[in-house]
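Examining the three-dimensional arrangement
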Amino acid sequence: MMTATMPASAETAPAPANALRIGRYEIDPPVVLAPMAGITNVAFRRLCREYGAGLYVCEMITTRALVERDPNTLQMITFDTDERPRSMQLYGVDPATMRDAVRMIVDEDLADHIDMNFGCPVPKVTRKGGGSALPYKRRLFGDIVEAAVRAAEPAGIPVTVKFRIGIDDEHITHLDAGRIAEDRGAAAVALHGRTAAQRYSGQADWTAISRLKETVRSIPVLGNGDIFSADDALRMVAETGCDGVVVGRGCLGRPWLFRDLQAAFAGKPVPEGPNLGEITRVMRRHAELLADHMGEQKGLRDLRKHMAQYLRGFPIGSDLRHRFGLVSGLAELDDLLGRLDPDVPFPSDAEGPRGRQGSPGKVVLPEGWLDDPEDASVPVGAELDHNGG
Ligand SMILES: Cc1cc2nc3c(=O)[nH]c(=O)nc-3n(C[C@H](O)[C@H](O)[C@H](O)COP(=O)(O)O)c2cc1C
């Protein structure tokens, strides 16, 4: 039988006073699945959606690949028929390509919400001036946001903007980015409380979310970074006053976090973590959904990256753990799942931070990038023509 615990802060931290409204959509509970390249495909989103309501953002889609109708990209923008709003994240560095991509989305009815990625810290992206390097160029950033907003407007599609605190401690941009996005018509902004230089290391600075909330007054501010439990989400709202939370690594191998978040925001007790038998069923479901989306071979290969997260902390032995990491078909998966003891309870050391952490590093930028924040010229070679990373 499942027991439930009231998170310590659930009694003191009320849910946000107003429901989260993003354009014409009410998001209740005010919870967003963070876009994660290689993770938040239609299969993973469905798995999460089966646990609770919220807004579930797809993997990042590069505008160039979309307008060029790259077949891989067209497969990546698959949504379930009952998925509403269909939420697509775009990466772009060029107002014109951004406009064309959003026009295509509108004309072909491909999505209901657009999020924009200005947070990617990957060196191959920042080196060219893309992702988390771009908000430093205030005018260019504003022009890209406005291009998306204007193209989306006729269809009533809200555009939201996701960014980091800045490039590094000497080049902080989040308050400017929030003000500019608000002025240019964004429907909400989301802040990951780290600089690009931090990548995923250290702790997210939630006070930066508070400052952004004080600065951006007319649209919702979403907080992101280091929510690994329902209690963390309530705490972020209580500490920062943010209008909603964006949850990434915390749900890796733990899609039931969305059930916990729904309960916590409703002031209800949060269920205890599932036992190994229940996790077996979740892994099987994830495998089926991936196999439906990509075919069995590719889907099961994709599942491998989730295995360590699902099995984290369970005493199953290194040999079996290793074999899960190499699984290549549904029959083999069933055989391995059959070897697990369903009665093992959820281990306490599976709580806390999970997913990529890495170490901080100097952000590589194009030559002269920091010289003129008002330079609106499009960075050369930063328009990725493929997805991923
Ligand atoms: C594997 C992985 C892929 C990611 N891909 C994207 C992406 O495509 N677009 C984006 O805006 N952020 C991306 N992120 C960042 C997350 O959306 C989120 O901002 C970050 O993980 C911090 O939130 P968390 O502490 O809840 O994980 C990615 C993060 C991870 C771990």
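Residues numbered from 1 in each chain as written. Predicted model: local features only at pLDDT ≥ 70, side-chain atom pairs only at ≥ 80, totals over all residues. Heavy atoms only, no water.

Observations regarding the pattern of salt bridges
Tallied over the entire structure, the rule returns 32 salt bridges. The residue Arg46 makes a salt bridge to Asp80 at a minimum N-O spacing of 3.0 Å. Pair noted here: Arg46 is in helix α1 (residues 42-49) and Asp80 is in the loop between α3 (71-76) and β6 (87-91), with a separation of 34 residues, a long-range link. With a relative accessible area of 18%, Asp80 lands in the buried category. With a closest N to O distance of 3.0 Å, Glu153 and Arg150 form a salt bridge. Looking at Glu153, the relative accessible area reads 48%, which means it is partly exposed. Residues participating in the shared-partner salt-bridge network are Arg46, Arg49, Glu50, Asp80, Asp82, Arg284, Arg285, Glu288 and Asp334. (Salt bridge = Lys/Arg side-chain N within 4 Å of Asp/Glu carboxyl O. Helix = DSSP H or I, 4+ residues; strand = E, 2+ residues; numbered from the N terminus. Buried < 20%, exposed > 50% of the residue type's maximum accessible area, 1.4 Å probe, protein only.)

Re the packing of aromatic side chains
With the rule as written, the count across this model stands at five aromatic pairs. An angle of 85° between the planes, with centres 6.5 Å apart, marks the rings of Phe141 and Phe163 as edge-to-face. Of the two residues, Phe141 is situated in helix α6 (residues 138-152) and Phe163 in strand β8 (residues 159-168); the sequence distance between them amounts to 22 residues. In this pair, the class of Phe141 matches that of Phe163, namely buried. Ring plane angle 90° and centroid distance 6.1 Å describe the contact between Trp256 and Phe346, whose orientation is recorded as edge-to-face. Of the two residues, Trp256 sits in the loop between β12 (244-247) and α10 (257-265) while Phe346 sits in the segment after α14 (330-337), which places them 90 residues apart along the sequence. (Phe/Tyr/Trp six-rings, centres within 6.5 Å; stacked < 30°, edge-to-face > 60°.)

Here's the deal with the site of the ligand
Lining the immediate environment of the ligand, one finds 17 residues, of which Gln89, Lys162, Asn224, Asp226 and Arg249 sit closest. Between the ligand and Asp226 there is a distance of 2.7 Å, counted from an oxygen atom to a backbone nitrogen or oxygen. Calculation on the ligand without its partners gives an accessible area of 610 Å², and the protein chains cover 95% of this total. Its atoms largely coinciding with the cavity grid, the ligand occupies the largest pocket. Of the residues belonging to the shell around the ligand, the class tally is seven nonpolar, six polar and four charged. (Near = heavy atom within 4 Å. Polar contact = N/O pair within 3.5 Å; in protein donor to acceptor, adjacent residues only side chain to side chain. Areas by Shrake-Rupley, 256 points an atom, 1.4 Å probe, with all protein chains shown as cover. 1 Å grid on protein atoms, 1.4 Å probe; cavity = no way out; pocket = protein on both sides within 12 Å on 5 of 7 lines; lining within 4 Å. Sits in = over half its atoms within 2 Å of the grid points. Nonpolar A, V, L, I, M, F, W, Y, C, P; charged D, E, K, R; others polar.)

Here we look at the UniProt feature "binding site: FMN" (unreviewed entry) in the protein chain
The positions UniProt marks with the feature "binding site: FMN" (unreviewed entry) are Pro35, Met36, Ala37, Gln89, Lys162, His192, Gly248 and Arg249. Residues from the named set that contribute to the lining of the largest cavity are Pro35 and Lys162. Its place among the elements puts Gln89 in strand β6. Leave out the neighbours within four places in its chain, and Gln89 touches Pro35, Val57, Cys58, Glu59, Met60, Ile61, Asp115, Met116, Asn117 and Lys162. Structurally, the position occupied by Arg249 is in the loop between β12 and α10. Judged by relative accessible area, which is 10%, Arg249 ranks as buried. Sequence-distant contacts of Arg249, defined by excluding residues within four places in its chain, comprise Met36, Arg194, Tyr200, Asp226, Phe228, Arg354, Gly355, Arg356 and Gln357. (UniProt positions renumbered as here; feature names shortened; annotations may be inferred. Contact = heavy atoms within 4.5 Å.)

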